[in-house]
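Overview (structure and organization)
Take a look at the letters that make up each chain.
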Amino acid sequence: MFIDRITLLAQAGNGGNGCDSYYRRTDKKVIPHGGDGGDGGSIIFRADNNAPGLSSFRFRQRLLADHGVNGGPTLKSGRNAKNLIVLVPIGTRIYDREKKLLIRELNNQGNEVVACQGGQGGTGNHGGRPSKKGQPGVCVELELTFLLRADIFLVGLPNSGKSSLLNVLTHSKAKAEEYPFSTTQPEMGMFDRGFNEPISLCELP
């Protein structure tokens, strides 16, 4: 199934809480020594040639990044959470649905954008300052759309040889069968002319 538009709920990780901790020295002086909390993980979308289509999100419509770890006593800082890297096909546009705002259009290999920022970790009470809780991660409803980009589109009746032509010209591996409607989603390939830039071809089902 080819899907060119999908809605996702993305939740970045919360920052870990700062620690409120003390120890009493031999001279009975109380020293605060709570460590800082770690930062929550952000959600980052990255364009990749080998990324699956948006149809891969049909059963994964909620993205959750990990939370930062709470700080500990004796100035022990909490670990920062890893960012959640989400690979999407080149040509994906990412929108904030509530704000009706285009966040980024990922048109080239390796393009990426932080769609949801992780929460900052809270500060511990070391140095005499009050401890603070970690900040919540950003939660946003996203809409992803996929725009097919090609120099030439192959359009024709079933079994007219579109897949075979694409395979010969671009050395791609589009499914070419004897029965009709064997192509169920767009197939892409690059035709190297031997001079100038290669030409991108797309077979449409």
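Our structure's up above, just so we're on the same page.
First, a word on what this report is: a plain description of the structure on this page.

Reading the values: the criteria
- Residues numbered from 1 in each chain as written.
- Predicted model: local features only at pLDDT ≥ 70, side-chain atom pairs only at ≥ 80, totals over all residues.
- Heavy atoms only, no water.
- Helix = DSSP H or I, 4+ residues; strand = E, 2+ residues; numbered from the N terminus.
- Rg over C-alpha atoms; globule rule 2.2 N^0.38 Å.
- Buried < 20%, exposed > 50% of the residue type's maximum accessible area, 1.4 Å probe, protein only.
- Contact = heavy atoms within 4.5 Å.
- Areas by Shrake-Rupley, 256 points an atom, 1.4 Å probe, with all protein chains shown as cover.
- Lys, Arg positive; Asp, Glu negative; His and termini not counted.
- Charge placed at Lys NZ, Arg CZ, Asp CG, Glu CD.
- Arc of directions from axis to C-beta.
- Polar contact = N/O pair within 3.5 Å; in protein donor to acceptor, adjacent residues only side chain to side chain.
- Core = buried A, V, L, I, M, F, W, Y, C linked by side-chain atoms within 4.5 Å.
- Pairing = 2+ DSSP bridges.
- Axes fitted to C-alpha atoms, helices over the stretch in contact; angles between N-to-C directions.

With respect to the overall build of the chain
Tallying secondary structure elements over the chain gives one helix and 13 strands in all. Reading the helices (α) and strands (β) of the chain from amino to carboxyl end gives β-β-β-β-β-β-β-β-β-β-β-α-β-β. What you see for the chain is a C-alpha radius of gyration of 25 Å, clearly larger than the 17 Å of a compact globule of 205 residues, by over 25%. Burial statistics for the chain: of 205 residues in total, 39% are counted as buried. Across the chain, every contact between residues at least 6 apart in sequence was considered, and the portion connecting residues at least 24 apart equals 68%. Entry remark: accessible area of the chain is about 12,400 Å², with carbon and sulfur atoms responsible for 50%. Positive and negative charge centroids in the chain, built from 25 and 20 side chains respectively, lie 11 Å apart.

Looking at helix α1 (residues 162–170)
Buried within α1 we find Lys 162, Ser 163, Leu 166, Asn 167 and Thr 170. Each buried residue of α1 lies within a common arc of 135 degrees when the element is viewed along its axis, so the set occupies one face. Those residues of α1 that are buried are in contact with β11 (152–154), β12 (187–191) and β13 (199–203). Looking at the residues trailing α1, positive phi occurs at His 171, about 60 degrees.

Quick look at the side chain of Asn 125
Tracing the sequence through the fold places Asn 125 in the loop between β9 (112–116) and β10 (139–146). Residue Asn 125 is classed as buried on the basis of its relative accessible area, which comes to 1%. There is a polar contact of 3.3 Å between the side chain of Asn 125 and the side chain of Asp 20. Setting aside chain neighbours within four positions, we find Asn 125 in contact with Cys 19, Asp 20, Ser 21, Tyr 22, Pro 32, His 33, Gly 34, Pro 130 and Ser 131.

Notes on the nonpolar core
By size, the foremost hydrophobic cluster in this structure holds 23 residues, and its most contacted members are Ile 43, Phe 45, Phe 57, Leu 63, Val 86, Leu 142 and Leu 144. The set of elements that each furnish at least two residues to this core consists of β1 (5–11), β4 (43–47), β6 (84–88), β9 and β10. No other element matches the four residues that β10 contributes to this core. Ignoring anything within four residues of it in the chain, the contact list for Ile 43 reads Ala 10, Gln 11, Ala 12, Leu 63, Ala 65, Leu 84, Val 86, Val 113, Val 114, Ala 115 and Cys 116.

Description of the sheet that holds β6
Reading across the sheet, the three strands line up as β6-β4-β9 and stay open at both edges, with mixed pairing between neighbours. For this open sheet the edge positions go to β6 and β9, each flanked by a neighbour on one side alone. Each strand axis lies, on average, 30 degrees off the axis of its neighbour in the sheet, ignoring direction. Direction of pairing for β4 relative to β9: antiparallel, over a ladder of four bridges. Paired with Ile 43 across the two strands is Cys 116, which belongs to β9.

Examining the sheet that holds β12
On the basis of which strands lie adjacent, the open sheet formed by three strands has the order β11-β13-β12 and mixed pairing. The open sheet terminates on both sides in strands that have one partner only, identified here as β11 and β12. Looking at each pair of strands side by side, their axes are set apart by 25 degrees on average, direction ignored. Two strands pair when backbone bridges link them, and β12 and β13 are joined in this way by five bridges, in the antiparallel orientation. Paired with Glu 187 across the two strands is Glu 203, which belongs to β13. Here α1 sits on the sheet in contact with β11, β12 and β13, set at roughly 35 degrees to β12.

Quick word on the pairing of β4
Extensive coverage of β4 is indicated by the burial of four of its five residues. In the sheet, β4 pairs with β6 via five bridges, with the strands oriented parallel. Pairing of Ile 44 across the sheet is with Ile 85, part of β6.

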